[in-house]
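# Close look at the chain arrangement
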Amino acid sequence: MEAAEICGRPPDWANAVVDIASSARMGVSFMPDDSGYRSGGGVTVRTRFAPSPTGYLHIGGVRTALFNWLFARRHGGSFILRIDDTDRQRNVSEALQPILDGFRWLGLDWDEGPEVGGPHAPYFQSQRQARHAAAVERLLAGGHAYRDYATTAEIQAEREAAQRDKRRFIYSRRWMAATPAEQQAFEAEGRRAVVRLKMPREGVCAFNDQVRGPVEFDWVLEQDHVVQRADGTCLYHLASAVDDHDFGITHVIRAVEHLSNTPRQVFIARALGYDVPAYAHLPYVAEPGSAEKLSKRKVGRYLQHPDFRKLHEHGAGILAALGAAPPEAECNPLLVEFYRAVGYRPEALLNYLLLLGWSLDDRTEMFTVAEMIERFSLDRVNRSAASFDAPKLLAFEERYMQRLPAADKVAAVVPFLQRRGLLPAAPSEEDLRRVARVVAAAGERIKVAGDIVGYAEFFQPDDGFPYDEKAFRKRIAADGAAARLTRFRAALETVEPYDAEALDGAMHRFVEAEDVPIGRIIHAVRVAVTGKAVGFGLFDGLEILGRDACLARIDRALEALRRSEALEA
RNA sequence: GUCCCCAUCGUCCAGAGGCCUAGGAUUCAGCCCUUUCAAGGCUGAGACACGGGUUCGAAUCCCGUUGGGGACGCCA
């Protein structure tokens, strides 16, 4: 067969610029009313996120999902969840659950997809194989694909030969069955066919990326990708292009790693006579302190980065305090589960993720979800990778916590106290009042809801909390400390009313009478009453605990001191 | 190796030829306040990767260099 004949001419559409949404990019504004994306104006926006059921919701994936979701919501369109499960047969539902839970926790609702169904069901790729296979048949019939009888070894040999001669590898199509006769001949040899795309070998594939602008790829550089295996199962790119079309996806918003896969999807779509969707390739999220793509398998390495480690340790501390060994996913700050388990505000995570690659201007940082939807646009998406910055995420979390109304803060914190066994499943009014008072006193010290476990002593019996040993030695076992504490205890008995203000006054009168710096008594009281060296305002703490508890706790501390002295003697 | 992409404070962003002596946030440092603190207040440090053009004028446009990253599967 002649080379010219083998290669053929590229289909006439191959060089067409695919640009259904260019007007939006060129336009000054990108409002729903003039974009033509609304029903009535033409196309209704439909975006999708297509996770594979791995059991985890990765932070980078969520960012992509968020942008898809925002774009759909912004334009009054639909956001679809499609499950790319062609690869795994086992336990799909089990591996999917954490992902769906993560979406729900974040408030990213999907209009069509698993559990909610929709007009284009099924939404599991593995259940759409008949459609994929039918598409392959059409590709074959249209001459855009061919049956190839080469073995992997034969292809590999060609590839290596090309490398040896330092030329680009272009498949010879030697085992392509162009006619039924050739097909029979190959099969008589016992060969089995895969279906390959018959890619154009001249011209360029040009399209207008919604975040990167015009992009071009030479068709020659594209290989004759396999779209269907010998066993009849179809490969991802074929399935993806077909499903996107079936679902009426108008905008494919995904990570840049798919940019170089786009030509073959464009080829498939055009060959099948589809409208090609608009593409938007997002920069990927990079690892802390580097430009490399974030990978959930490298957590160990990221843990060596101080900022990332701090984020992790903070969360791990909370999880450890909650008891029972947490599932692995909850210990990994690369996964959404971590933030939920530790008690982050979902809005804070969303806000942080939004600004990782997108901005409105040079100063607006806080966005409610409604504001995000209102202001989001693809043309303000950044083109370069952004690395995951743990301190910044924590800063957002702090701000959201600070702004949270007191009642919501209490509600956020209660489940953590319950899990720690510090609060009954059905807390009484009085229980909740105490929680509210501790939360108020702790103020900005509670950055994530789980931080409440750091104030466990306010919910434990007077003899049921441990002492920070070092603090105990320094503040209570010190010379004269016990005697002073005993005298202060006496003062506490008569303070009236027993509130922070009066306690403050009593303390100051005490140190004046004793003629000692305030630090000599205040720390001793704190250790005696809370067991800790640090905490929120001492007088608030004394008030919350109440007189009886304070006296009992001081007695217990003095008793503990006597016992340890006796032991040493 | 081939192709593609990216390039402003440590980090995340702003900057569409003169509003730039480059702005905000975070981080860091110092100071203040304070009974402690991963608390609060104030002040400060800190960047246009490099080299050529174009232009009266360039962080901004063009070319090159360097650096970084990604894609090159009968994976998704």
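As a reminder, the structure under discussion sits directly above these lines.
Below is a summary of the structure that appears in this document. (Residues numbered from 1 in each chain as written. Chains lettered and ligands numbered in written order. Predicted model: local features only at pLDDT ≥ 70, side-chain atom pairs only at ≥ 80, totals over all residues. Heavy atoms only, no water.)

### What about helix α14 (residues 346-354)?
Counting buried positions over the nine residues of α14 gives eight, a clear majority of the element. Burial in α14 covers these residues: Pro346, Ala348, Leu349, Leu350, Asn351, Tyr352, Leu353 and Leu354. Of the surrounding elements, those touching the buried residues of α14 are α4 (59-74), α5 (92-106), α13 (336-342), α15 (369-375), β12 (386-387) and α16 (390-403). (Buried < 20%, exposed > 50% of the residue type's maximum accessible area, 1.4 Å probe, protein only. Helix = DSSP H or I, 4+ residues; strand = E, 2+ residues; numbered from the N terminus. Contact = heavy atoms within 4.5 Å.)

### Some remarks on the protein's contact with RNA strand B
Around RNA strand B there are 55 residues in total, and Arg229, Tyr284, Arg363, Arg445 and Gly535 lie nearest to it. Backbone sugar and phosphate groups make up 74% of those atoms of RNA strand B lying within 4 Å of the protein. In this structure, Ser359 approaches RNA strand B through a side-chain N or O atom, which is 3.0 Å from a sugar or linking oxygen. In this structure, Glu365 approaches RNA strand B through a side-chain N or O atom, which is 2.8 Å from a sugar or linking oxygen. Those elements that provide at least two residues to the surface near RNA strand B are α9 (236-246), β12, α16 and α22 (519-530). The dominant element in the surface near RNA strand B, judged by the number of residues it contributes, is α16, at four residues. Here the surface near RNA strand B is built from residues that sort into 19 nonpolar, 15 polar and 21 charged. (Near = heavy atom within 4 Å. Polar contact = N/O pair within 3.5 Å; in protein donor to acceptor, adjacent residues only side chain to side chain. Nonpolar A, V, L, I, M, F, W, Y, C, P; charged D, E, K, R; others polar.)

### Details of the side chain of His312
Considering the arrangement of structural elements, one finds His312 in helix α12 (residues 306-321). His312 gets classed as buried once you look at its relative accessible area, which sits at 17%. Among all residues touching His312, those that are not within four sequence positions of it are Leu303, Cys331, Pro333 and Phe338.

### Things to note about the pairing of strand β6 (residues 204-209)
Where burial is concerned, most of β6 is hidden: five out of the six residues are buried. Summarising the sheet, β6 and strand β7 (residues 213-218) pair through six bridges and their orientation is antiparallel. Following the sheet pairing, Phe207 is matched in β7 by Val215. Taking the residues that link successive antiparallel strands as the turn, the β6-β7 hairpin has three residues. (Pairing = 2+ DSSP bridges.)

### Describing the sheet that holds strand β3 (residues 145-148)
Across a sheet, strands are paired by hydrogen bonds formed along the backbone, either parallel or antiparallel in direction. Spatially, the four strands line up as an open sheet ordered β4-β3-β5-β8, and their pairing is antiparallel. Looking at the sheet topology across the chains shown, the edges are occupied by β4 (176-177) and β8 (226-228). Two elements, strand β5 (residues 194-197) and β8, share two bridges in a ladder whose sense is antiparallel. If you follow Arg196 over to β8, its bridge partner there is Val226. Its contacts with the sheet place helix α6 (residues 129-141) against β3, β5 and β8, and it is angled at close to 100° to β3. (Axes fitted to C-alpha atoms, helices over the stretch in contact; angles between N-to-C directions.)

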